[in-house]
Amino acid sequence: TQTTSAGIPHNANKKAEHGLANAKAPPEGQHVEPPSDLPTASSLSEGNVSPKTGPAVAAGVNRTVEPLDRVRVNSDGERLTTNQGVPVADNQNSLKAGLRGPALLKDFILREKITHFDHERIPERIVHARGSGAHGYFEAYESLADITRAAPFQEKGKITPVFVRFSTVAGERGSKDTARDVRGFAVKFYTDEGNWDLVGNNIPVFFIQDAMKFPDLIHSVKPEPHHAMPQAASAHDTFWDFASLMPEIAHMLMWVMSDRAIPRSYRTMQGFGVHTFRFVNAAGESCFVKFHWNPKLGTHSLVWDEAVKIAGADPDYNRRDLWEAIEAGEYPEWELCVQTFTEADADRWSFDVLDATKLVPEELVPLRPVGRMVLNRNPDNFFAETEQVAFCAAHVVPGIDFTNDPLLAGRIHSYVDTQISRLGGPNFHEIPINAPVAPVHNNQRDGMHRQAINRGRVAYEPNSLGGGCPFQAGKAGFVSFPEPVQQDEVRGKPEKFAEHYNQATLFYDSQTPAEQNHIIAAFRFELSKVTVPAIRERMLSMLRNVSEALAQGVAEGLGMRLPEPMPRALDNPPQPEVATSPALSLMFRPGEGGIRTRKIAILVANGIAGAPIADLQATLLAQGAIPRLMAARIGPVETSDGTPLEADVSTENEPGVLFDALVLPDGDAVVQALAADGHTDEHIRDQYRHGKTLLALGASVRLLEQAGVPKDGSDPGVIVLEAGVSDWSRFIEAVGKHRHFERETDPPLV
Ligand code: HDD
């Protein structure tokens, strides 16, 4: 640990400028010293409630609501007006000279309406254009005051409001949710000491080491500039051309070709701060820190064939899932964990902690849970909140600081800069969703769309006319960690940045066989879309440095021979500390089990015995699952026993890929009707192929046969119950497992 120069007073040399006897010193009050009783993060919070965020609130309510109340508009019972508040008499017809005459220029009501409409769109984010947001809160498990003075961590139980935006990276604003891509995981903490944005991803490492390469990376993955294809996909020449020429990308490619890049839900993915940051405590002592968000529901993903089909069935798949869970009161929750370590620890390791293509294995530095985040309120308005929210990697608060990670350096610049063109000027911090809950006082003035009405004649410092206010906070304010730096200016990279493969190998070797197969299949798919053979060859030569088995698998899939391995930058690469890290597998965090919020389709048709279906439905509902009765058409179903059943989805409006499990009903006539509908077969095959659970009741076993699904009892995810049996426990247990990859073959059997 190192110590800050916290003892040095702010503006230390200022007084000397006014001459020895302070002859030219301005009157008292100009450079006021901060009062000694200036509030600190912990003194600002009373119990666990910050005075700025109001008293304790009921579940489902969020502390960012109150500050946003002043701008929330509810038009219930209100009359229609123009933007000037003028009541509008007729919203159907423009003003004309005679019923068949020309429209009149003086129709200010029409003109205002059309003009506003003409300007409704703002530029989309250059990356992460497609996203979904939610409000919530962070709750600290304990005080971390010994290692950081960051406001959210000062007391056990302390609540800090947050707004979170999840996103895909490459696709445009209207693109599909289930693209193979990194997911953004950006959290804005509205702390007592200003906004802290932890702008992370669902993958703990990044493609490149230096921000200098970021525009190149993004240009390569975005649709190709001549014909603007493909949308939201990395499976094209330019991305793989760039990748094959950038060996530092090897580790990230393992993650992006894994199922991590097609999450089942935003609620079932991890989040990572990626960079090494610093914690700094009140004494100015610092340690390194990495941030991890672990979902309570565990980590679960889609499989590729499913992701492709969902893209057509419901392009809003992840957005809808998040929205519906929060509306249903199933508030998603993540545990925030930190890895903290010292500079001395970092110096010993085979990799550089300033290199964003490297992670710190959990086996090397275990995770310490420090709090939880709950998302409990959907935005009122997508544009005002989710679209206008402006995250920024430079938004840190006292107690959090940067390291010299060269990727982070570029980010500190980029985010504010991009908001200026995206949100139309330098006052985007005043947009309600961006405004801190902590008060803002400075001498910045004016600019496009200024909201604040700053009073008084003083907009400069030092001043005597304003009593020296707003005054510098001194030690109570943000003090940069004074890391000693004495170096030549160079363009280059540190030594350890030259090793690119150890952690790629670590990742691949830590996956289960099913996950490894998915990685091979993903490379095969992506590279099969590449039209230039030399690019494929370069990629294979890179993969040989990661894993011979992987390279071989991909080469076979492409009908190619293995080329020579790509030359390495280092002849003697350092030995990694760990050879496998189970925590890198999605299977490592299955979650709490259970079937809450899992979507289950129960196929029904006229003539069905309703009682067992109603019983199953009630059992699933009681466990928090979402059973839906699916028929060829929505509406009431005729049951043989008079039990009222209503099909709420059709095979047409909610195709089978949107469900986590499928139930096939008993009854000869019913099975006959289902067998005659091609959707049934399709649904069963998809469920089976995607590793999901199938339950066949009585006569419906025929439908499994028809679809070619093996039903010899060896697959725990294919459950056949005799007619009349209504013990649902095996089915529920199987759904709780999410996937049954044991049945998977390549190519698929079904
Ligand atoms: Fe970035 C957006 C995450 C590297 C430049 N980034 C953006 C968002 C996330 C990330 C989650 C969306 C925020 C939102 O929901 O509004 N970015 C990352 C991570 C990175 C990373 C985890 C590496 C560790 N980014 C990165 C670099 C640069 C940028 C190296 C530029 C030098 N990122 C931007 C940006 C964006 C952005 C252009 C686009 C829209 C925005 O900022 O607000 O400034």
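Calculation rules
Residues numbered from 1 in each chain as written. Predicted model: local features only at pLDDT ≥ 70, side-chain atom pairs only at ≥ 80, totals over all residues. Heavy atoms only, no water. Near = heavy atom within 4 Å. Polar contact = N/O pair within 3.5 Å; in protein donor to acceptor, adjacent residues only side chain to side chain. Helix = DSSP H or I, 4+ residues; strand = E, 2+ residues; numbered from the N terminus. Nonpolar A, V, L, I, M, F, W, Y, C, P; charged D, E, K, R; others polar. UniProt positions renumbered as here; feature names shortened; annotations may be inferred. Buried < 20%, exposed > 50% of the residue type's maximum accessible area, 1.4 Å probe, protein only. Pairing = 2+ DSSP bridges. Donors = N, O, S within 2.8 Å, 3.2 Å for Na, K, Ca; no water. 1 Å grid on protein atoms, 1.4 Å probe; cavity = no way out; pocket = protein on both sides within 12 Å on 5 of 7 lines; lining within 4 Å. Points joined across faces, edges and corners; volume = space filled by probe spheres on them. Domains from an automatic or database assignment. Contact = heavy atoms within 4.5 Å. Buried area = accessible area lost by both parts, 1.4 Å probe. Salt bridge = Lys/Arg side-chain N within 4 Å of Asp/Glu carboxyl O. Axes fitted to C-alpha atoms, helices over the stretch in contact; angles between N-to-C directions.

Peer 1: Could you clarify how one ought to interpret the site of the ligand in this entry?
Peer 2: As a structural note, the neighbourhood of the ligand is formed by 23 residues, with R125, R165, S414, Y415 and Q419 the closest of them. Taking R125, its side chain carries an N or O atom lying 2.8 Å from an oxygen atom of the ligand. One of the side-chain N or O atoms of Y415 is found 2.7 Å from a nitrogen atom in the ligand. Of all the secondary-structure elements, those providing two or more residues to the shell around the ligand are β3 (183-191), β4 (194-201) and α11 (406-422). Among the elements that line the shell around the ligand, the one with the most residues is α11, at seven residues. Of the residues belonging to the shell around the ligand, the class tally is eleven nonpolar, nine polar and three charged.

Peer 1: Please explain the UniProt feature "domain: Catalase core" (unreviewed entry) in the protein chain as it appears in this structure.
Peer 2: Mapped onto this numbering, the UniProt entry annotates "domain: Catalase core" (unreviewed entry) at residues 81-469. The annotated region residues 81-469 carries 22% helix and 19% strand content, and the separation between its end C-alpha atoms amounts to 41 Å.

Peer 1: Would you take a moment to explain the pairing of β3 for this structure?
Peer 2: Along a regular strand, successive side chains alternate from one face of the sheet to the other. Among the nine residues of β3, nine are classified as buried, and the element is accordingly described as predominantly covered. Residues R183, F185, V187, F189 and T191 point to one face of β3 and G184, A186, K188 and Y190 to the other, with burial holding for every one of them. As defined by bridge partners, strand β2 (residues 159-168) adjoins β3 across seven bridges and the pair is classed as antiparallel. Each bridged residue has a counterpart across the sheet, and for V162 the counterpart in β3 is F189. The pairing of β3 with β4 spans eight bridges and is classified as antiparallel. Residue pairing in the sheet places V187 in a bridge with L198 of β4. In textbook terms, the turn of a hairpin is the stretch between consecutive antiparallel strands, and for β3 and β4 this stretch comprises two residues.

Peer 1: Where do I start with the coordination of the iron atom of the ligand in this structure?
Peer 2: When four donors bind a metal tetrahedrally, each ideal donor-metal-donor angle is 109.5 degrees, and when six bind octahedrally, the ideal angles are 90 or 180 degrees. The protein supplies the iron atom of the ligand with one donor atom, Y415 (OH), which lies at 1.9 Å. Mapped onto the elements, Y415 comes out in helix α11.

Peer 1: When you look at empty space enclosed by the protein in this model, what are you seeing that I'm missing?
Peer 2: Rolled over the atoms, a probe as big as a water molecule pinpoints where empty space is left. Scanning the entire structure with this criterion turns up six cavities of 30 Å³ or more. Reported here for the largest cavity is a volume of approximately 160 Å³. Forming the walls of the largest cavity are 19 residues, and the residues nearest its centre are P204, F272, H292, L359 and V360. At three residues, strand β7 (residues 286-295) tops the list of elements feeding residues into the lining of the largest cavity. Of the residues assigned to the lining of the largest cavity, the class counts are ten nonpolar, five polar and four charged. Space inside the second largest cavity adds up to approximately 90 Å³. As for the second largest cavity, its lining consists of S350, F351, P361, E499, N502, Q503, L506, P574, P576, E577 and V578. In terms of residue class, the lining of the second largest cavity is built from six nonpolar, three polar and two charged.

Peer 1: It is not clear to me how the domain arrangement of the protein chain should be interpreted in this structure. Could you clarify?
Peer 2: A common way to report how large an interface is uses the accessible area buried once the components associate. For the protein chain, the assigned domains are domain 1 (40-69 + 97-216 + 260-439) and domain 2 (599-743). Computed over C-alpha atoms, the centres of domain 1 and domain 2 are 38 Å apart. Taken together, the contacts link twelve residues of domain 1 with eleven residues of domain 2. Both faces considered, domain 1 and domain 2 share a buried interface measuring about 1100 Å² in area, 54% of it formed by carbon and sulfur atoms. In this assembly, domain 1 and domain 2 are joined by five salt bridges. Between E306 and K692 there is a salt bridge, and its shortest N-O distance comes to 2.8 Å.

Peer 1: Whenever I open this one, the packing of helix α4 (residues 214-221) against helix α5 (residues 237-244) confuses me. Can you help?
Peer 2: The packing of two helices is summarised by the inter-axis angle and the distance between the axes. α5 packs onto α4 with a crossing angle of 145° between their chain directions and a minimal axis gap of 6 Å. Along its contact with α4, which presents D216, L217, S220 and V221, the element α5 presents T238, F239 and F242. Across the contact of α4 with α5, the residue classes break down as four nonpolar, two polar and one charged.

Peer 1: Help me understand the sheet that holds strand β11 (residues 599-603) in this model?
Peer 2: Sheet strands line up and pair through hydrogen bonds in the backbone, either parallel or antiparallel. Taken in spatial order, the six strands make up an open sheet running β15-β12-β11-β16-β17-β18, and their pairing is parallel. With one partner strand each, in any of the chains shown, β15 (649-650) and β18 (718-721) form the two edges of the open sheet. Sheet topology places strand β16 (residues 661-664) next to strand β17 (residues 693-697); four bridges connect them, and they run parallel. Residue pairing across strands places L662 opposite L694, the latter belonging to β17. This element, helix α18 (residues 678-689), spans β11, β12 (626-631), β16, β17 and β18 of the sheet and lies at about 135° to β16.

Peer 1: Just checking my understanding: could you explain helix α15 (residues 548-558) for this structure?
Peer 2: Taken as a whole, α15 has its buried residues at L550, A551, G553, V554, A555 and L558. Its buried side turned inward, α15 meets α6 (250-256), α12 (502-509), α13 (513-528) and α14 (533-543). Looking at where α15 begins, the residue whose side-chain oxygen comes 3.3 Å from the main-chain nitrogen of A549 is S547. Immediately beyond the C-terminal end of α15, within one or two residues, lies G559, with a positive phi of roughly 65°.

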